[in-house]
Amino acid sequence: MIESGQIKFAEQQTLMSNVLEGIRVLDFGRYIAGPFCASLLSDMGAEVIRIEKVQGSEDRFLSPVSDTGDGALFMQMGRNKLGMTLNPMKPEGREVVKKLVASADVVVANLPPDTLHAMGLDYDSLTAIKPDIILTMISAFGTGGPYSNRVGFDGLGQAMSGAMYMSGTPEQPVKSYAPFIDFGTASLSAVGTMAALFERQKTGKGQVVEASLFNTALTMMNGTLIEQAMIDRNRTATLNRSQTSGPADTFRTRDGWVLIQSVGGPLFERWVALMGEPEWLDDPRFKDDISRGDNGELISERLARWCAERSSAEVLAEMEAARIPAGPVMSPQQVLDDPHVAARGMFRHLDYPGAGKAAPVMTTPFSLSANPTAVRHRAPLLGEHTDQIMQELGYSKADIEQLRSIRVI
């Protein structure tokens, strides 16, 4: 039974327009930085064509979850997209690229500059086909420096920005499991692409949007780098304990782990009241955030004893009563089972051919009150829409079979 509220919401969705409706994006991306940029554009209504190797690009098969071998990451990155295969390194493939570009508004590619040129995806080649094209070019290190043509993944951004050095311990640097540099680069690239589309509306001209993993990583570590440059602080890693405020650390409870995070005098005062130890407020070692960070080990030791005497639920309840930010350290399964996640409908469950269960694909991480963003359909099978797209470009069925026989598509 459909509730009246659901009907009203559906009617509103129908009346709303998609921000990027009518925009075609060619996604030559791999792994996360390029593909997720294109995914965000697709969530806002752009038609995105994911173009991959004839045999399937490597990122399709990471962490396989279906009988086809298609992987978990691809279930997220490929949502809302049409899928085709193409070898742009062959002369016939270059001709297909030209036809695709002529039909497109944006090309997204996270490849080194020399690879872009070899594939005919450099800006000069693209504008020779379509003068107002927008090229969103994402690489590991950006153009213009000695690292320009180096390849790289998220981990290099973490390692070479100071982020990995400041995680873990001085004896063991630690890379984040979540590829936050990749996702950050994708998000910033989408912002840049939207800006370029807005500018094209005003001037009729396209441009290059350039982003890199290294740029993103340095952006995220900039505060620490500024501090180092200005006062030679020479910080080293302290696991999960903050060095600029307190209490802020992870703590073991009787039945798990929690993160407690405090910044600012009012939160520290609440914590002191919760501990029932007002003397902390008179101690000059804890007079402000930076002092509390410098002496955070003492604060963490006290709070660790308090947490060890309680269950996670008890700790979190008392922290919430005191309005001190805190949360459980949850396993992936606990995240999937979380009531807040369920109540907000944060995952769209998409069936996929050959998979025994639906993929819980995270919805668009932002919303627009007047324009819908949506995860509308599953990721494509390998080459699922190749024939459809080729026919739209003017190729006959015989042409398509010929190109398939020589492994161009």
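One structure accompanies this document, and this report is about it.

Scanning the chain from terminus to terminus reveals 18 helices and 11 strands. Taking all 409 residues of the chain together, the buried fraction comes to 44%. Counting contacts in the chain only where the partners sit at least 6 residues apart, residues at least 24 apart contribute 68% of the total. With 39 positive and 49 negative side-chain charges, the chain shows a separation of 3 Å between the mean positions of the two kinds.

Under the definition given, this model contains eight aromatic pairs. Summarising the aromatic geometry, the rings of Phe36 and Phe183 are spaced 5.0 Å apart at their centres and angled 70 degrees between planes, so their arrangement reads as edge-to-face. Here Phe183 lies in helix α8 (residues 180-203) and Phe36 lies in helix α2 (residues 33-43), a separation of 147 residues in the sequence. Exposure remark for Phe36: the relative accessible area of 6% places this residue in the buried category.

The subject of this paragraph is the sheet that holds strand β8 (residues 257-261). Across the sheet, three strands lie side by side as β7-β8-β9; this open sheet has antiparallel pairing. On the outer flanks of this sheet lie β7 (248-252) and β9 (326-328), each paired with one strand and no other. For this sheet, the mean angle separating the axes of adjacent strands, direction not counted, is 20 degrees. The sheet contact formed by β7 and β8 spans five bridges and is antiparallel. Counterpart to Ala248 in the pairing with β8 is Gln261. Packing of helix α13 (residues 296-308) onto the sheet brings it into contact with β7 and β8, and relative to β7 it is tilted by some 35 degrees. Along the sheet face, helix α14 (residues 312-321) touches β8 and β9 and points at about 15 degrees away from the line of β8.

Here we take up the side chain of Gln243. You can see Gln243 is positioned in the loop between α10 (222-231) and β7. Take Gln243: its relative accessible area is 13%, and that puts it in the buried class. Side chain to side chain, Gln243 and Arg235 meet in a polar contact 3.1 Å long. A polar atom in the side chain of Gln243 sits 2.5 Å from the backbone oxygen of Thr236.

Close contact between α2 and α8 brings their axes to 8 Å; oriented N to C, the two are set at 50 degrees. Relative to α8, the element α2 is oriented oblique. α2 and α8 meet at a crossing whose hand is right-handed. Within the contact between the two elements, α2 uses Ala33, Phe36, Cys37, Leu40 and Leu41 and α8 uses Asp182, Phe183, Thr185, Ala186, Ser187, Ser189, Ala190, Thr193 and Met194. For the contact of α2 with α8, the class distribution of residues is nine nonpolar, four polar and one charged.

To continue, consider the environment of Lys130. Turning to its location among the elements, Lys130 is positioned in the loop between α6 (123-129) and β5 (134-139). Residue Lys130 is classed as buried on the basis of its relative accessible area, which comes to 16%. C-alpha of Lys130 to C-alpha of Asp105: the two residues are 25 residues apart in sequence and 8.6 Å apart in space. Excluding residues within four positions of it along the chain, Lys130 makes contact with Val101, Ala102, Ala104, Asp105 and Arg200.

Contact geometry for α8 and helix α9 (residues 213-220): axes closest at 9 Å, N-to-C directions at 105 degrees. Judged by the inter-axis angle, α8 sits roughly perpendicular to α9. Contacts between α8 and α9 involve Phe180, Ile181, Asp182, Gly184, Thr185 and Leu188 from the former and Leu213, Thr216, Ala217 and Met220 from the latter.

What follows deals with the nonpolar core. Leu26, Val96, Leu100, Val107 and Met390 are the most contacted members of the largest nonpolar core, which totals 30 residues. Looking at this core, the elements that each hand over two or more residues are β2 (47-52), β3 (82-85), α4 (91-102), β4 (106-109), β5, α17 (386-392) and α18 (397-405). With near-sequence residues (within four places) excluded, Val107 lies in contact with Leu26, Phe28, Val101, Leu121, Leu126, Ile133, Ile134, Leu135 and Thr136. Core analysis: the next-biggest nonpolar cluster, separate from the first, contains 28 residues, Phe36, Cys37, Val209 and Ala217 among them.

Our focus in this paragraph is the environment of Ala217. The topology assignment puts Ala217 in helix α9. Taking C-alpha positions, Ala217 is 28 Å from Met119, a pair spaced 98 residues apart along the chain. Apart from the residues lying within four places of it in its own chain, the contact partners of Ala217 are Gly157, Ser161 and Ile181.

So, how was this worked out
- Residues numbered from 1 in each chain as written.
- Predicted model: local features only at pLDDT ≥ 70, side-chain atom pairs only at ≥ 80, totals over all residues.
- Heavy atoms only, no water.
- Helix = DSSP H or I, 4+ residues; strand = E, 2+ residues; numbered from the N terminus.
- Buried < 20%, exposed > 50% of the residue type's maximum accessible area, 1.4 Å probe, protein only.
- Contact = heavy atoms within 4.5 Å.
- Lys, Arg positive; Asp, Glu negative; His and termini not counted.
- Charge placed at Lys NZ, Arg CZ, Asp CG, Glu CD.
- Phe/Tyr/Trp six-rings, centres within 6.5 Å; stacked < 30°, edge-to-face > 60°.
- Pairing = 2+ DSSP bridges.
- Axes fitted to C-alpha atoms, helices over the stretch in contact; angles between N-to-C directions.
- Polar contact = N/O pair within 3.5 Å; in protein donor to acceptor, adjacent residues only side chain to side chain.
- Parallel < 35°, antiparallel > 145°, perpendicular 65-115°, else oblique.
- Left-handed = near helix turned anticlockwise from the far one by under 90°.
- Nonpolar A, V, L, I, M, F, W, Y, C, P; charged D, E, K, R; others polar.
- Core = buried A, V, L, I, M, F, W, Y, C linked by side-chain atoms within 4.5 Å.

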